[in-house]
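In case you want the letters, here they are:
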Amino acid sequence: MMYSLEAGGKRLRPILVLTAAEAVNSDSLARSQAMPVASAIEMIHTYSLIHDDLPAMDNDDYRRGKLTNHKVYGEAMAILAGDGLLTHAFYAITRTVALGTSPETALAIVSDLARLAGAPGMVGGQAADILGEQGVTSLAELEYIHLHKTSDLIVFSVLAGARIGGATQQQLESLQQFARKLGLAFQIQDDILDLIGDEAKLGKPVQSDVQQQKVTYPFLLGMEKSVALVERLTEESKQALADAKLAKPEYLLAIADYLMNRDH
Ligand SMILES: CC(C)=CCC/C(C)=C/COP(=O)(O)OP(=O)(O)O
Ligand SMILES: C=C(C)CCOP(=O)(O)OP(=O)(O)O
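Residues numbered from 1 in each chain as written. Chains lettered and ligands numbered in written order. Predicted model: local features only at pLDDT ≥ 70, side-chain atom pairs only at ≥ 80, totals over all residues. Heavy atoms only, no water.

The chain appears in an unreviewed UniProt entry as Farnesyl diphosphate synthase from Paenibacillus albus. Per UniProt, the chain carries the Catalytic activity (unreviewed entry) text "isopentenyl diphosphate + (2E)-geranyl diphosphate = (2E,6E)-farnesyl diphosphate + diphosphate". The heading Cofactor (unreviewed entry) in the UniProt record of the chain holds the text "Mg(2+)". (UniProt positions renumbered as here; feature names shortened; annotations may be inferred.)

### Some words on the site of ligand 1
Taken together, 15 residues lie around ligand 1, and Asp58, Arg63, Lys149, Lys204 and Lys214 are the ones closest in. In this structure, an oxygen atom belonging to ligand 1 sits 2.8 Å away from a side-chain N or O atom of arginine 63. Glutamine 187 is positioned with one of its side-chain polar atoms (N or O) 3.2 Å from an oxygen atom of ligand 1. Within the residue set of the shell around ligand 1, elements represented by two or more residues are helix H3 (28-52), helix H7 (122-132), helix H8 (139-165) and helix H9 (169-196). (Near = heavy atom within 4 Å. Polar contact = N/O pair within 3.5 Å; in protein donor to acceptor, adjacent residues only side chain to side chain. Helix = DSSP H or I, 4+ residues; strand = E, 2+ residues; numbered from the N terminus.)

### Focus: H3
With 25 residues, H3 should reach 36 Å at 1.5 Å per residue; the first-to-last C-alpha distance of 36 Å fits that figure. Of all the bends in H3, the greatest reaches close to 35 degrees and is centred on methionine 35; the proline proline 36 follows between one and four positions later. Most of H3 sits out of view: 19 of its 25 residues are buried. N-cap assignment for H3: the residue whose side-chain oxygen lies 2.9 Å from the backbone N of leucine 29 is aspartate 27. (Expected span 1.5 Å × (residues − 1). Bend = angle between axes of the 7 residues up to and from the residue. Buried < 20%, exposed > 50% of the residue type's maximum accessible area, 1.4 Å probe, protein only.)

### Points about the pattern of salt bridges
Within the structure shown, the criterion is met by 12 salt bridges. The partner of arginine 115 in a salt bridge is aspartate 112, and the shortest N-O contact between them spans 2.9 Å. Within this pair, arginine 115 and its partner aspartate 112 are both found in helix H6 (residues 103-117), separated by three residues, close to a single helical turn. When its relative accessible area of 40% is taken as the criterion, arginine 115 is described as partly exposed. Classification of aspartate 112 by relative accessible area gives buried; the value is 4%. A salt bridge links glutamate 235 to lysine 238; the nearest nitrogen and oxygen atoms lie 3.6 Å apart. With glutamate 235 and lysine 238 both in helix H13 (residues 223-243), this residue pair falls three residues apart, about one helical turn. Given a relative accessible area of 18%, lysine 238 falls into the buried group. (Salt bridge = Lys/Arg side-chain N within 4 Å of Asp/Glu carboxyl O.)

### Here we look at a nonpolar patch on the surface
A surface patch of nonpolar side chains, amounting to about 580 Å² of accessible area, comprises Tyr62, Leu67, Val72, Tyr73, Met77 and Leu80. Of all the secondary-structure elements, those providing two or more residues to the nonpolar patch are helix H4 (69-73) and helix H5 (75-98). If you trace the backbone, valine 72 turns up in helix H4. (Patch = residues over 30% accessible without salt bridge, like charges linked within 9 Å, V, L, I, M, F, W, Y side chains within 5 Å. Areas by Shrake-Rupley, 256 points an atom, 1.4 Å probe, with all protein chains shown as cover.)

Below, the structure written as structure tokens:
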């Protein structure tokens, strides 16, 4: 569990939890209450990558610049490390109550996580992705896959931080739109970088869609249209962010711009 957690990565999802909490409520208490939830979402994300890399799924040898979990510890231990991280995440969230988060808010966060990381969310998106590899995938199906396998954890992160900051229902709705579009842009950019990125920066080999046997936006739309789509989705996400009328939206805005131009 620690091998994959400590391998690093961008820690985007925990950063979004903390930044969303601060964007709604600049009180430093909100940030500290958000910390256990930030840790929890990184545990969930890391579990998903360990399982995604397994021979039964993407069969990848490198992740975050290191050998994948199963290459070091074997498949059985890699499955269990993922299971352990998934389970511990729910325990971690309960720790936010000891820091002053109300039990009602903590319960809403647990409920969001079970839905957005589970079968209606990330797990369902990954299942559709794997089933899609066996046939023809349309653009609509690909959008469904990306929205669930990737956007849903990003939506969770932004909503959880905002809930801890005390966001209104209307703010939560606008932030959900912000995160949904940001997540979609993020996954399309991931697919672009998988083709044209720098292996040393990405920490994993760069492969063609054909080698990967994966249907992606660059595969369906071509590179130019995919890059333009990332830009359009990022602009739309920033509009939704403006609609949320947060106390301090600057850092969330900066993250959206950073992700559009990222190279790893
Ligand atoms: C329940 C599980 C196992 C979920 C995995 C979700 C996920 C987003 C995997 C990585 O996608 P990817 O294969 O497009 O990314 P990468 O190129 O980093 O492998
Ligand atoms: C959802 C996708 C695209 C898988 C990789 O996610 P990240 O690009 O956030 O991976 P790390 O930085 O956490 O390693």
